[in-house]
Amino acid sequence: MNAPMQPGYNFAYLDEQTKRMIRRALLKAVAIPGYQVPFGSREMPLPYGWGTGGIQVTASVIGKNDVLKVIDQGADDTTNAVNIRSFFRKVAGVATTEKTRAATLIQTRHRIPETPLAEGQTLVFQVPIPEPLRWLEPRETETRTMHALSEYGVMHVKLYEDIVRHGRIATTYDYPVIVNGHYLMRPSPIPKFDNPKLHRNPALMLFGAGREKRVYAVPPYTDVRSLDFEDHPFSIERWEAPCALCGASDAYLDEIILDDAGGHMFVCSDTEYCADRQAAGHKGEMAA
Amino acid sequence: MKPTKPLLQVRDLAKRYGNRIGCEQVSFDLYPGEVLCIAGESGSGKSTLLNTLAFQLKPDAGSVHYDIDGLGMTDLASLPDARLRELWRTDWGFVRQNPRDGLRMRVSAGANIGERLMAVGSRHYGSIREVALDWLRRVEIDEKRLDDAPSAFSGGMQQRLQIARNLVTEPRLVFMDEPTAGLDVSVQARFLDLLRRLASELHIAVILVTHDLAVARLLAHRLIVMRHGRIVETGLTDQLLDDPQHPYTQLLVSSVLVA
Amino acid sequence: MYVAVKGGERAIAQSHELLSQARRGDPSVPELSIAQIRSQMRLAVARVMSEGSLYDEELAALAIKQAAGDLIEAIFLLRAYRTTLPRLADSLPLDTARMRIERRISAAFKDLPGGQVLGPTYDYTQRLLDFSLLEEGAPAAPTQMPNAAPISAPRVSDVLSQQGLLEQSRQSAAASPPADLTRDPILFPAERATRLQNLARGDEGFLLAMGYSTQRGYSTTHPFAGEIRFGAVPVEVFIDELGFAIEVGEVELTECQLINDFEGSATQAPHFTRGYGLAFGHAERKAMAMALCDRALRAAELGESTEQPANNEEFVLSHSDNVEASGFVQHLKLPHYVDFQTNLELLRRLRAEWETAHAARVQPAGHDPAGGAASPDTAALHPGYAEEIAE
């Protein structure tokens, strides 16, 4: 059901010229997978760092018939997700949902839903720092050249050094990937657990960095490879126990502290996935 | 015995800073495996010349041609940035006076040596370490230091590590900017010895800038003396040092003898 | 049974209610009016207009009221409003030589055409708290200025340029209007016009610190305050239908021209160069800090050393914006459960490995209580290293 729209604003807040400008940038991004396209990021009524890039991307691609899902840390009910969802209800009047399958457009911060995405769906990531080489080379003029020439040796130096110090690659989120065999890309701070979902995903994945004024994209079915060494292959997190609520053993789990005596439990970070499984009769050891 | 084909050809090279001359009217040929020293006091333009030869600074006039594998003698000014940068990290090396400029001080010695390998596509951690270990041995650094950061190394070890880091891709030409300037005299001798041995074993051409004629005497086949951005005298090292023609060279040589 | 935290929506609504109460404060104290803020906190209004990039005293005052005096929040409010406004026309370039001067000083010349005009300034106040202001209804200052005649004067920089001693400002090619940072992203290297735009919107505190650093030796410029002027400047818009420009109003501006040495080059004789600062309203600190930063960012263009932070274009321009900085610093308040979890998981594993290695290190070889083989030394020294050697 569509919500009533806030009067006095254009559909989805941004004016049509701005949407066109962002859509042009997105088209370029789709055409060059993983390449960071500069765009005229607008000042949004939400603070920088709180999803202004994702919001602008969503606002420029959303239509009246879209069904929007917003998650933060995998959950639909965290305050920032609630806030962004209510923003779009107000300024676009679109229907919203918590169901991954029912959504046509999903804006996310820090997770990719556990429920596999399908063709026709669009996933919009909020990106704090788009440049994967930023901590190795602070100069934008230099990193642009490095991308153009695929000069990514220094990124492997970092991974090498991880193994020297920790015996393994110690990057755990925002784990760098090579898109379509060329561009090095930050997948935004998703856990590396989610990296394999980027590879040949049937959904369109758009990335928006508002403060840094960049958009980039991974089109459907694009190769996305996580950096690694032949003898230290990329691997993802595993938990010893399944989700305490729904028993899932294939999901990313959050740790919940239960008391001040070290008591804790692990539950799905994707709240919708967890609730769905529980409704279907799956039970973890702490479920009622 | 000289090979007929030069590796590097420099013609009328000039670099200016505003109205100040960095270097000008510099011409010479460098042959494969040849060690050439550029000597002069500080401010004589020799470091500017070195950076301009390596195209780290763009010259204001003149040309540098390099014999690129598969391309032959190529005007560096005509080379796209991508190819130039490829030269920098594969077929050329650059050893800096201050190891801070030539090394990544906060990553391990192994990573410093391995960087060029990874840049050209090595993706096997174990074999990168093997090669790095081998190079530590060749530059006489204890293998146990493989995982230590160069910030914990002595000055001599840092310079030797710079050598290893550059030579790991077996370049044909290495630029060196006063590599011994920060070293104690006792350490210098060992370093120069190592350098001479590696350059001859691997048949590497070296262009080395120094203010120290003793360094030139030990290492160089040929010597260029610079003053105020220009070449004042050039020739075979022993000849030039034993029988300097230009008054400035005579002054330099005599000041070394006095000291 | 664990129940996931729900009800974010209600919590947010209640937070808004509390915020509104906190902003209003004690209801027995009369509410601030926009007119009061506008006329009695004019310097705060000026800063919000400058860094908010919108000349509207009333809206700036409203933003200050709504933000409970948090000027960066007020700037953010004004910017978020500004971004929704349609562009009706571009004004002609403002001509600050036509300024109706309220204050004008030069530290480079003792006397000059138009004279030194001290005007309203805190410069020569003795910073003693004026307890009479504690009393409300203190007598208002006389409304009649001692010399009310409007002053206009040529700019010091123009006088110097005419003699060829000061560089001419390079005109942007008429065909390419300056970039608009609020429409297009900044790309490096940036043109001076773009840099100035960034600095004009930049945080006063940040520019002040960067400018200050250049004076303390973290740069090589030696500035003189050629001129600082404050007053109203007419705004003109060219109307196509009329075929001429008409004045649509006035804005108050503070302009600062710093004069710096330049030793000359092969193509240019030695001359003075300038650093330029401009701000809405009365904002001398901002305009001067901006001028210092502008000059420091020209180091590369003038062939000077560019080693210091203030010379680093990407560093200065990428960190000057307080709305961007404030948002990103404060986004750390947003949940980071997922990334934190990944780090927590890694840390636990590394600690477990460290404990094992540590135990092996303390335990003499051959006395492993678990009965296993003692780790080789290399493993003890470096967890995760043994397997590599073994291969």
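Residues numbered from 1 in each chain as written. Chains lettered and ligands numbered in written order. Predicted model: local features only at pLDDT ≥ 70, side-chain atom pairs only at ≥ 80, totals over all residues.

Counting its secondary structure elements, chain B contains 10 helices and 10 strands. Radius of gyration (C-alpha) of chain B: 18 Å, near the 18 Å computed for a compact globule of 259 residues. Expressed as a percentage of its 259 residues, the buried residues of chain B come to 44%. Sequence-distant contacts in chain B: of pairs separated by 6 or more residues, those separated by 24 or more amount to 67%. (Helix = DSSP H or I, 4+ residues; strand = E, 2+ residues; numbered from the N terminus. Rg over C-alpha atoms; globule rule 2.2 N^0.38 Å. Buried ≥ 20, exposed ≤ 12 C-beta atoms within 10 Å, placed from the backbone. Contact = placed C-beta atoms within 7 Å.)

Before going further, it helps to examine the overall build of chain A. Summing up its helical and strand segments, chain A has 7 helices and 12 strands in all. Its C-alpha radius of gyration of 19 Å places chain A within 12% of the 19 Å reference for a compact globule of 288 residues. With the principal axes as the frame, chain A shows a C-alpha extent of 55 × 55 × 35 Å. Split into buried and exposed, the 288 residues of chain A put 55% on the buried side. The contacts in chain A between residues at least 6 apart in sequence include a share of 63% that link residues at least 24 apart.

In this complex, chain C contributes 43 residues to the contact, which on the side of chain A involves 48 residues. Mapped by element, the contributors of at least two residues to the side of chain C that touches chain A are α1 (8-24), α5 (71-82), α11 (322-330) and α12 (337-362) of chain C. In terms of residues, the side of chain C that touches chain A owes the most to one element, α12 of chain C, which gives 11 residues. When the residues that make up the side of chain C that touches chain A are grouped by side-chain class, the tally is 21 nonpolar, 11 polar and 11 charged. (Nonpolar A, V, L, I, M, F, W, Y, C, P; charged D, E, K, R; others polar.)

This part covers the sheet that holds strand β4 (residues 61-68) of chain B. Residue and element names in this part refer to chain B. The strand order β2-β1-β4-β5 describes an open sheet built from 4 strands, whose pairing is antiparallel. Each having just a single partner strand, β2 (20-30) and β5 (72-75) make up the two edges of the open sheet. Put simply, the sheet's adjacent strands are angled 25° from each other on average, direction ignored. Bridge analysis of β4 against β5 gives 4 bridges, and the strand direction is antiparallel. Paired with Ile68 across the two strands is Gly72, which belongs to β5. (Pairing = 2+ DSSP bridges. Axes fitted to C-alpha atoms, helices over the stretch in contact; angles between N-to-C directions.)

Residues and elements named next belong to chain A. Read across the open sheet, the 3 strands follow the order β7-β6-β10; overall the sheet is antiparallel. Two strands bound the open sheet, and with one partner strand each, they are β7 (183-185) and β10 (224-226). Taken over all neighbouring pairs, the strand axes of this sheet differ in orientation by 30° on average, direction set aside. Inspection of the sheet shows strand β6 (residues 177-179) paired to β10 by 3 bridges, in the antiparallel sense. When the bridges of β10 are listed, Val179 appears paired with Val224.

In terms of nonpolar packing, the biggest core is built from 138 residues, with Val215 of chain A together with Val206 of chain B touching the most fellow members. Residue contributions to this core peak at 7 residues, all from helix α3 (residues 79-92) of chain A. Here Val206 of chain B is in contact with Val35, Leu36, Val174, Met176 and Ala199 of chain B, once residues within four sequence places are set aside. Among the nonpolar cores identified, the runner-up in size contains 52 residues, and Leu59, Ile75, Ala287 and Met288 of chain C belong to it. (Core = buried A, V, L, I, M, F, W, Y, C linked by C-beta atoms within 7 Å.)

Residue and element names in this part refer to chain C. Within the fold, Ser320 resides in the loop between α10 (313-319) and α11. Classification of Ser320 by C-beta neighbours within 10 Å gives buried; the count is 23. With 23 residues separating them along the chain, Ser320 and Asn343 place their C-alpha atoms 31 Å apart. Aside from chain neighbours lying at most four places away, what touches Ser320 is Asn198, Leu199, Gly202, Asp203, Phe206 and Leu207.

Bringing unusual backbone geometry into the picture now. Most of the time, phi is negative for any residue but glycine, and the peptide bond is trans. Residues Phe188 of chain C and Pro189 of chain C are joined by a peptide bond in cis, for which omega reads -5°. Relative to the helices and strands, Pro189 of chain C is located in the loop between α6 (156-162) and α7 (192-201). The phi dihedral of Gln73 of chain A is positive, around 60°, even though this residue is not glycine. Following the sequence through the fold, Gln73 of chain A ends up in the loop between β2 (67-72) and α3. Look at Asp12 of chain B: it is not a glycine, yet its phi comes out positive at around 50°. The exposure class of Asp12 of chain B is exposed, given the 12 C-beta atoms found within 10 Å.

Our focus in this paragraph is the packing of helix α3 (residues 42-52) of chain C against helix α4 (residues 57-66) of chain C. All names here are of chain C. Where α3 contacts α4, the axes come no closer than 9 Å and their chain directions differ by 105°. With respect to each other, α3 and α4 are oriented roughly perpendicular. Residues Ala44, Val45, Val48, Met49 and Gly52 of α3 form the contact with α4, whose participating residues are Glu57, Ala60, Ala61, Ala63 and Ile64. Class assignment for the residues of the contact of α3 with α4 results in 8 nonpolar, 1 polar and 1 charged. (Parallel < 35°, antiparallel > 145°, perpendicular 65-115°, else oblique.)

This paragraph deals with the environment of Glu43 of chain A. Locating Glu43 of chain A in the fold gives a position in the loop between β1 (37-38) and α2 (52-61). A sequence separation of 13 residues divides Glu43 of chain A from Gln56 of chain A, and the C-alpha atoms of the two residues are 9.7 Å apart. When sequence neighbours within four positions are dropped, the list of residues in contact with Glu43 of chain A reads Arg79, Ala80, Arg82, Thr83 and Thr182 of chain C.

With that settled, consider the packing of α3 of chain C against α5 of chain C. All names here are of chain C. Interaxial distance between α3 and α5 falls to 8 Å at its minimum, and their mutual angle equals 45°. Judged by the angle between their axes, α3 and α5 are oblique. In terms of crossing hand, the pair formed by α3 and α5 is right-handed. In contact with Ala44, Arg47, Val48, Glu51 and Gly52 of α3, α5 contributes Leu71, Ala74, Ile75, Leu78, Arg79 and Arg82. Among the residues forming the contact of α3 with α5, the class breakdown is 6 nonpolar, 1 polar and 4 charged. (Left-handed = near helix turned anticlockwise from the far one by under 90°.)

Our focus in this paragraph is helix α9 (residues 284-297) of chain C. For α9 of chain C, spanning 14 residues, the distance from its first C-alpha to its last is 20 Å, which sits close to the expected 20 Å at 1.5 Å a residue. Counting buried positions along α9 of chain C yields 13 of 14 residues, so the element is predominantly enclosed. (Expected span 1.5 Å × (residues − 1).)

Another aspect to go through is the confidence of the model for chain B. Per-residue confidence for chain B gives a mean pLDDT of 91; residues scoring 70 or more make up 97%. The complex prediction reports pTM at 0.82, with the ipTM value standing at 0.87. (pLDDT = per-residue confidence, 0-100.)

Okay, the environment of Ala193 of chain C next. Here Ala193 of chain C is to be found in helix α7. Here the alpha-carbon distance between Ala193 of chain C and Ile259 of chain C, two residues 66 residues apart in the chain, equals 18 Å.

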